[in-house]
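# Architecture and fold: a report
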Amino acid sequence: MTKKAFIFDLDGVIVDTAKYHYLAWKNLANSLGFDFTPSNNELLKGVSRVRSLDILLSIGKINLSQEEKDKLLAQKNEEYLTYVNQMTSDEILPGITALLSYLEGQQITFSLGSASKNAPLILKKVGLFNKFSAIVDGNDVSMAKPDPEVFLLAAKKLNKSPQDCIVVEDAAAGVQAAKNAKMICVGIGDSTILKDADFTLASTEEFTIDFAKKLID
Ligand code: BG6
Ligand code: MG
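Residues numbered from 1 in each chain as written. Chains lettered and ligands numbered in written order. Predicted model: local features only at pLDDT ≥ 70, side-chain atom pairs only at ≥ 80, totals over all residues. Heavy atoms only, no water.

Attention shifts here to unusual backbone geometry. Here the amide bond leading from Lys145 into Pro146 is cis, since omega sits at 15°, within 30 degrees of zero. Here Asn159, not a glycine, exhibits a phi torsion of approximately 65°, which is positive. Residue placement: Asn159 occurs in the loop between helix 7 (149-158) and strand 4 (165-169). At Lys182, a position not held by glycine, the phi torsion is positive, near 65°. Considering the arrangement of structural elements, one finds Lys182 in the loop between helix 8 (172-180) and strand 5 (184-188). (Helix = DSSP H or I, 4+ residues; strand = E, 2+ residues; numbered from the N terminus.)

Turning next to the coordination of the magnesium ion (ligand 2). Taken together, Asp9 (OD), Asp11 (O) and Asp170 (OD) make up the full set of protein donors to the magnesium ion (ligand 2), lying 2.0 to 2.1 Å away. Read N to C, the donor residues that coordinate the magnesium ion (ligand 2) are spaced as D-x1-D-x158-D. Taken together, the residues Asp11 in the loop between strand 1 (5-8) and helix 1 (18-31) and Asp170 in the loop between strand 4 and helix 8 connect sequence positions 159 residues apart. Asp11 gets classed as buried once you look at its relative accessible area, which sits at 17%. For Asp170, a relative accessible area of 13% translates into the label buried. (Donors = N, O, S within 2.8 Å, 3.2 Å for Na, K, Ca; no water. Buried < 20%, exposed > 50% of the residue type's maximum accessible area, 1.4 Å probe, protein only.)

Once that is clear, we can look at the site of ligand 1. If you check the shell around ligand 1, you find 14 residues, and the closest are Asp11, Val47, Ser116, Lys117 and Asn118. Between an oxygen atom of ligand 1 and a main-chain N or O atom of Lys117, the distance comes to 2.7 Å. Separating an oxygen atom of ligand 1 from a side-chain N or O atom of Asn118 is a distance of 2.7 Å. Here ligand 1 loses 96% of its free accessible area of 390 Å² to cover by the protein chains. In the shell around ligand 1, the residues fall into four nonpolar, six polar and four charged. (Near = heavy atom within 4 Å. Polar contact = N/O pair within 3.5 Å; in protein donor to acceptor, adjacent residues only side chain to side chain. Areas by Shrake-Rupley, 256 points an atom, 1.4 Å probe, with all protein chains shown as cover. Nonpolar A, V, L, I, M, F, W, Y, C, P; charged D, E, K, R; others polar.)

This brings us to the side chain of Thr17. Mapping Thr17 onto the fold places it in the loop between strand 1 and helix 1. Ignoring sequence-local partners within four residues, the contact set of Thr17 consists of Asp11, Gly12, Tyr80, Met87 and Ile122. (Contact = heavy atoms within 4.5 Å.)

Before going further, it helps to spend a moment on the sheet that holds strand 6 (residues 199-201). Taken in spatial order, the six strands make up an open sheet running 3-2-1-4-5-6, and their pairing is parallel. Edge positions in the open sheet fall to strand 3 (134-136) and strand 6, since each of these has one partner strand only. Averaged over all neighbouring strand pairs, the angle between strand axes comes to 20°, with direction disregarded. Of the pairings in the sheet, the one linking strand 1 to strand 4 comprises four bridges and is parallel in character. For Phe8, the partnering residue across the bridge sits in strand 4 and is Val168. Together, strand 1 and strand 2 (110-113) form the strand contacts of helix 5 (residues 96-105), whose direction differs from that of strand 1 by roughly 150°. Relative to strand 5, helix 8 is tilted by about 170°, and along the sheet it contacts strand 4 and strand 5. (Pairing = 2+ DSSP bridges. Axes fitted to C-alpha atoms, helices over the stretch in contact; angles between N-to-C directions.)

A separate point is the pairing of strand 5. Here strand 5 lies mainly inside the structure; four of its five residues are buried. With helix 8 bridging strand 4 and the parallel strand 5, this β-α-β connection has right-handed handedness. In this structure, strand 5 lies alongside strand 6, joined through three bridges in parallel fashion. The residue bridging Gly187 from the neighbouring strand is Thr200, located in strand 6. (Right-handed = clockwise from strand over helix to strand, strands pointing away.)

With that settled, consider the pattern of salt bridges. Counting across every chain of the model gives ten salt bridges. Residues Lys19 and Asp16 are paired through a salt bridge, measuring 3.8 Å at the closest nitrogen-oxygen approach. On the accessibility criterion, Lys19 (39% relative accessible area) is partly exposed. Overall, the relative accessible area of 29% leaves Asp16 in the partly exposed class. Where Glu42 meets Lys45, a salt bridge forms, and the shortest distance between an N and an O atom there is 3.3 Å. Salt bridges sharing common partners tie together Asp9, Lys145 and Glu169. (Salt bridge = Lys/Arg side-chain N within 4 Å of Asp/Glu carboxyl O.)

Spelled out as structure tokens, the structure:
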């Protein structure tokens, strides 16, 4: 039996929540008097909520006190949660359900490794919470990706060595975190942005069972 295990990022790998993050950040920027474009949103992929607000405020050239920032963080998350609360299993990205079922069938363990503090709720909404052997999310770590903390903690919870872990990530910061953890990394998205990944697939749909078999053999 393979010694390998998988660690999945959440947003952009398991579910397409980037569009909801974008809506909530855009509305926040608009309420502060500036626009926030889809290309600005790329800068926030894989980035923690607190750091995301700092990036957004620097785009709008706005300086705020910590108290004001805390209010905006709560406001953004409140709106984001209105979208999350409407999520169903229909929002699991293509190929993921089949992949997780295959891994389960092969008794290959897998963990979540996400920057999101909303990860448990999202997994419950889409019916995947009980599938993961371990969940490591934004509530468990003090250092954000590209720091390897989130993936190293996931490996520890799975009782695996880093070199036996395969990380699946859609963000450049996440690919860096995986490589900093000395893990194998599959990037989902643009291979120029995810150039440090060991493999890149244009979308989760390309993460076939055959591809998974090659990774674990
Ligand atoms: C990451 C997303 O997974 O989680 C980021 O890619 C997001 O866009 C981050 O900012 C934190 O998420 P949350 O749910 O804690 O605000
Ligand atoms: Mg992601």
